[in-house]
Amino acid sequence: MTSDIHAVDSHTAGEPTRIVLAGGPPLGTGPLTERVERFRNEYDSYRRAVITEPRGSDVLVGGLLCEPHDPECQAGVIFFNNVGYLGMCGHGLIGLVETLRYQRKIDAGKMLIETPVGNVAATLHADGEVSVSNVESYRVAADVEVRTEDFGTFRGDIAFGGNWFFLTYDPDTRIHRSELGKLTAMACAIRKAVNASGYPEVDHIEIFGEPDGEADSRNFVLCPGLEYDRSPCGTGTSAKMACLAADGKLAPNQRWIQQGVLGTSFACEYSWANANKQSIMPVIRGRAFITAETHLKLTANDPFCWGIQ
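Residues numbered from 1 in each chain as written. Predicted model: local features only at pLDDT ≥ 70, side-chain atom pairs only at ≥ 80, totals over all residues. Heavy atoms only, no water.

S.K.: Describe the overall build of the protein, and please don't skip the residues or the numbers.
M.R.: Across its full length, the protein carries five helices and 17 strands. Here the C-alpha atoms of the protein give a radius of gyration of 19 Å, agreeing with the 19 Å that 2.2 N^0.38 yields for 309 residues. With the principal axes as the frame, the protein shows a C-alpha extent of 55 × 45 × 35 Å. Considering only intrachain contacts with a sequence separation of at least 6, the fraction spanning at least 24 residues in the protein is 62%. (Helix = DSSP H or I, 4+ residues; strand = E, 2+ residues; numbered from the N terminus. Rg over C-alpha atoms; globule rule 2.2 N^0.38 Å. Contact = heavy atoms within 4.5 Å.)

S.K.: Run through the environment of T52, naming residues and quoting values.
M.R.: Tracing the sequence through the fold places T52 in the loop between α2 (44–51) and β3 (61–66). On the basis of relative accessible area, T52 is assigned to the buried category, the value being 9%. Separated by 67 residues in the primary sequence, T52 and N119 have C-alpha atoms spaced 28 Å apart. Not counting chain neighbours up to four residues away, the residues in contact with T52 comprise R47, S57, N82, G307 and I308. From its side chain, T52 meets the backbone oxygen of R48 in a polar contact 2.5 Å long. (Buried < 20%, exposed > 50% of the residue type's maximum accessible area, 1.4 Å probe, protein only. Polar contact = N/O pair within 3.5 Å; in protein donor to acceptor, adjacent residues only side chain to side chain.)

S.K.: Tell me about the environment of Q258, and please be specific about residues and values.
M.R.: Relative to the helices and strands, Q258 is located in strand β14 (residues 256–259). On the basis of relative accessible area, Q258 is assigned to the buried category, the value being 0%. Separated by 110 residues in the primary sequence, Q258 and T148 place their C-alpha atoms 27 Å from one another. Sequence-distant contacts of Q258, defined by excluding residues within four places in its chain, comprise F208, S217, R218, N219, P232, T237, K240, T264, S265 and F266. In this structure the side chain of Q258 is engaged in a polar contact, spanning 3.4 Å, whose partner is the backbone oxygen of S217.

S.K.: Describe the environment of Y85, with residues and values.
M.R.: Within the fold, Y85 resides in strand β5 (residues 85–86). Classification of Y85 by relative accessible area gives buried; the value is 14%. Taking the C-alpha atoms as reference points, Y85 and F39, separated by 46 residues in sequence, lie 9.1 Å from one another. At 3.4 Å, the side chain of Y85 and the backbone oxygen of F39 are in polar contact. A distance of 2.7 Å separates the side chain of Y85 from the side chain of D44, its partner in a polar contact.

S.K.: Hey, could you go over unusual backbone geometry for me, with residue numbers and the actual values?
M.R.: With glycine set apart, most residues show a phi of negative sign, and most peptide bonds adopt trans. Note the cis peptide between E53 and P54, where omega equals 10 degrees. Among the structural elements, P54 can be located in the loop between α2 and β3. With a phi angle near 60 degrees, R104 is a residue other than glycine that sits in the positive phi range. Judged by its relative accessible area of 78%, R104 is exposed. For N253, which is not a glycine, the phi torsion comes out positive at approximately 70 degrees.

S.K.: Describe the nonpolar core, and please don't skip the residues or the numbers.
M.R.: Counting residues in each nonpolar core, the largest one holds 38 residues, and the members touching the most others are F79, L93, V97, M111 and I113. Counting residues per element, this core draws most heavily on helix α3 (residues 90–102), at five residues. Aside from chain neighbours lying at most four places away, what touches L93 is V77, F79, M88, I113, V120, A122 and V132. (Core = buried A, V, L, I, M, F, W, Y, C linked by side-chain atoms within 4.5 Å.)

S.K.: Give a description of the side chain of E114 that names residues and reports values.
M.R.: Its location among the elements puts E114 in strand β6 (residues 109–115). Although E114 is buried, it forms no salt bridge, and the closest oppositely charged side chain is R35 at an N-O distance of 4.9 Å. Looking at E114, its side chain comes within polar contact range of the main-chain nitrogen of H69, at 2.6 Å. At 3.0 Å, the side chain of E114 forms a polar contact with the backbone nitrogen of D70. (Lys, Arg positive; Asp, Glu negative; His and termini not counted. Salt bridge = Lys/Arg side-chain N within 4 Å of Asp/Glu carboxyl O.)

S.K.: Kindly report on the side chain of D229, identifying the contributing residues and their values.
M.R.: Tracing the sequence through the fold places D229 in the loop between β13 (217–222) and α5 (234–246). One buried charged side chain, D229, makes no salt bridge at all; its nearest oppositely charged neighbour is R230, positioned 7.4 Å away. A distance of 2.8 Å separates a polar atom in the side chain of D229 from a polar atom in the side chain of S231. Discounting chain neighbours no more than four positions away, the residues touching D229 are E15, V221, C223 and V261.

S.K.: Which residues make up the packing of helix α1 (residues 32–42) against α2, and what are the values?
M.R.: Running from N to C, α1 and α2 point in directions that differ by 80 degrees, and their axes come no closer than 5 Å. Judged by the inter-axis angle, α1 sits roughly perpendicular to α2. Every residue of α2 that contacts α1 at F39, R40 and E42 is listed here: D44, Y46 and R47. A breakdown of the residues in the contact of α1 with α2 according to their chemical character gives two nonpolar, no polar and four charged. (Axes fitted to C-alpha atoms, helices over the stretch in contact; angles between N-to-C directions. Parallel < 35°, antiparallel > 145°, perpendicular 65-115°, else oblique. Nonpolar A, V, L, I, M, F, W, Y, C, P; charged D, E, K, R; others polar.)

S.K.: Give me the lowdown on the pairing of strand β16 (residues 280–286), citing residues and values where you can.
M.R.: The two faces of a sheet get side chains in turn, since along a regular strand they alternate between them. With burial as the criterion, only one face of β16 is covered, namely that bearing I280, P282, I284 and G286; the residues M281, V283 and R285 on the opposite face remain uncovered. Direction of pairing for strand β8 (residues 130–133) relative to β16: antiparallel, over a ladder of four bridges. Directly across from S133, in β16, lies its bridge partner V283. Pairing analysis gives six bridges linking strand β15 (residues 265–272) to β16, with the strands arranged antiparallel. Opposite C268, over in β16, you have I284 as the bridge partner. (Pairing = 2+ DSSP bridges.)

Here it is, written out as structure tokens:
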């Protein structure tokens, strides 16, 4: 017996997204906070089938399109990757909006999308770009020092931008594709040290260096599954702006161009989330491109029906 999963693939600034439109797990109704736990605990095999080899790859981020629980939202989405589930995904949200446009489900304009960590507003612009008004983002610790065995000491911030990040600046390291091996090893060592120092929730590491061209910053982001983000990382850029805002280095509505390791960029800005100025509401603008529409086949007697584990 064979069943299929209907999906559309895209990339945002180089980072791939696969949105599942039909054939996903039967998660029922209710808040996405409950449905993502049902996905995790009862239907994780679907995540592996969609994302891992032989149908996917470690770099791929998946999104399950869901009926929203909040009546004010036009869609809901649960993001996942090669090792688990994501609260939010900036590049993935841009990919989702482009997928809905490609499927002729939306026109240019604003929409509200429900995620497990809150509702996210998105705007599809006439030129094809998408602005994502991300979830409330904030810094919880500044100037945290961690020591690694092979790369020395790093100082950085712990911040939330939809996912948890340790953000550090290293002027001696070139943020470029030619340095991916070194950057990955360095980020792995930093994450191990950050987790051991009392921040086990941090699963993303963001290393900053000098930008090229007119960008304000260039980053390398290590994701939880040990793959690097090909895009400048929407949630990581949100965390970055939260730190800049807390330090008084970036004003509300001031444009910030965040460049990723491939040289692609997001245009960003923020507003304060509250009068106490303890958190921000970031806006990330970028573009996605459709790369494939596919039906993933799940054949019962296939030894890798549910992915290679």
